[in-house]
Amino acid sequence: MTLPELQEMAVAWAAAEGWNPGLHDAPGFYAADPEGFLGGWLNGEPVACISAVRYRPDFGFIGFYIVRPDYRGKGYGLEIWKAAMQHLEGRNIGLDGVVAQQENYKRSGFQFAYNNIRYEGMNTPEFIPQTSASLVSCHQLSFDELMAYDRRYFPADRPEFLTAWLRQPEAVALAVVTENQIQGYGMIRPCRQGYKIGPLFAETLDVAEHLLNALGQQIPPQAPYYLDVPAVNPDAVALAERHGMQPVFETARMYTGPIPEIDINGVFGVTTFELG
């Protein structure tokens, strides 16, 4: 798909499915792998889409797996799935799938790793103003240093994606820096409904909460916001619950190869279910 097709098909269909994509996600997604967004057409009519993003030679991620409701059950989903798997051949492939579809993904070689939980909260005075002494905009940091920090919590380098993702309109990206060392960073962006925080990576629960509070101050009062939390990180679950957030959706993170060696205890918010 071209970038306009990605916006008009995959992102729009994802919104119709209730996945609540960001208002300006598409350019960042597309930058990650311009050849990684596949569409299926029947007699000129778009009927299916999927993303199969290549993050370097050893890792890839599948998302946006959607068949239009009026074309489901006809085999078109399987055809575009095969094309995505071929695009990522030879890589360890990850996905965040609907929990009920785990057995179908297992038939394609995926194995369950852990669940991710989407929490919904409301921006309230609980976002207590804190000192901004150690808070800086991510745009003030060395990009190489930020990318190196990101790599601790994500299975591959993703410079093209991060460059576009962190600069999308209306988003705010902040980092906690102590003695010139990044201790954590996060971003909040507007979505079809409310706002999403992602990623939220931090070395400790205190740093993660500092960032959550600071990011929460960037959005209007009473605005809903969302955080996608790995269920295997008890501190991340505790952070969401301490802020009164409620679980609204769950995915199964699965991989075709070994579970990547990342610091999952520092992942307080997944970047995006579509691209990992």
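Predicted model, so just to flag it, every value in this text is computed and none were measured. (Residues numbered from 1 in each chain as written. Predicted model: local features only at pLDDT ≥ 70, side-chain atom pairs only at ≥ 80, totals over all residues. Heavy atoms only, no water.)

1. Some points on the domain arrangement of the chain
Selection rule: Start and end points for every domain follow an automatic or database-based domain assignment. Throughout, a residue-residue contact means that at least one pair of heavy atoms, one from each residue, lies within 4.5 Å. Throughout, the accessible surface (probe 1.4 Å) given up by two parts as they are put together, summed over both, is called the buried area. Take a side-chain nitrogen of Lys or Arg and a carboxyl oxygen of Asp or Glu: if they are within 4 Å of each other, that pair is a salt bridge. Helix and strand definitions here come from DSSP, where helices need a minimum of 4 consecutive H or I residues and strands a minimum of 2 consecutive E residues; each element is numbered from the N-terminal end.
Parsing the chain into structural domains produces domain 1 (3-114) and domain 2 (119-269). When each unit is reduced to the centre of its C-alpha atoms, the spacing between domain 1 and domain 2 is 24 Å. Taken residue by residue, the interface counts 37 residues in domain 1 and 34 residues in domain 2. Carbon and sulfur atoms make up 59% of the surface buried where domain 1 meets domain 2, a total of about 3200 Å² over both sides. Of all residues in domain 1, Asn20, His24 and Tyr114 bury the most surface against domain 2, accounting for 24% of the area lost on that side. At the surface where domain 1 touches domain 2, the tally comes to three salt bridges. Across the pair Asp96 and Arg253 runs a salt bridge, and its minimum N-O distance is 2.9 Å. Those elements that place two or more of their residues in the side of domain 1 that touches domain 2 are helix 1 (3-16), helix 2 (25-32), strand 3 (59-67), strand 4 (92-98), helix 4 (102-106) and strand 5 (111-122).

2. Observations concerning the side chain of Asn116
Test applied: Partly exposed residues are those whose accessible area sits between 20% and 50% of the maximum for their type, while under 20% is buried and over 50% is exposed, using a 1.4 Å probe and protein chains only. Under the rule applied, a polar contact is a pair of N or O atoms within 3.5 Å (in protein, one hydrogen donor and one hydrogen acceptor; residues adjacent in sequence only if both atoms are side-chain atoms).
Residue position: Asn116 is located in strand 5. Asn116 gets classed as buried once you look at its relative accessible area, which sits at 0%. For Asn116, the side chain forms a polar contact with the side chain of Asp96, separated by 2.8 Å. Those residues in contact with Asn116 that lie beyond four places of it in its chain are Asp96, Val229, Pro230, Ala231, Phe249, Glu250, Thr251, Arg253, Val270 and Phe273.

3. Digging into the side chain of Glu274
Stated formally: His residues and chain termini do not enter the charge count, which takes Lys and Arg as positive and Asp and Glu as negative.
Here Glu274 lies in the segment after strand 12 (267-269). Buried charge without a salt bridge: Glu274, with Lys196 as the nearest opposite-charge side chain at an N-O distance of 5.0 Å. At a separation of 2.4 Å, a polar atom in the side chain of Glu274 contacts the side chain of Thr272. Excluding its chain neighbours within four sequence positions, the residues that come into contact with Glu274 are Trp19, Phe29, Ser51, Phe61, Ile62, Gly63 and Phe64.

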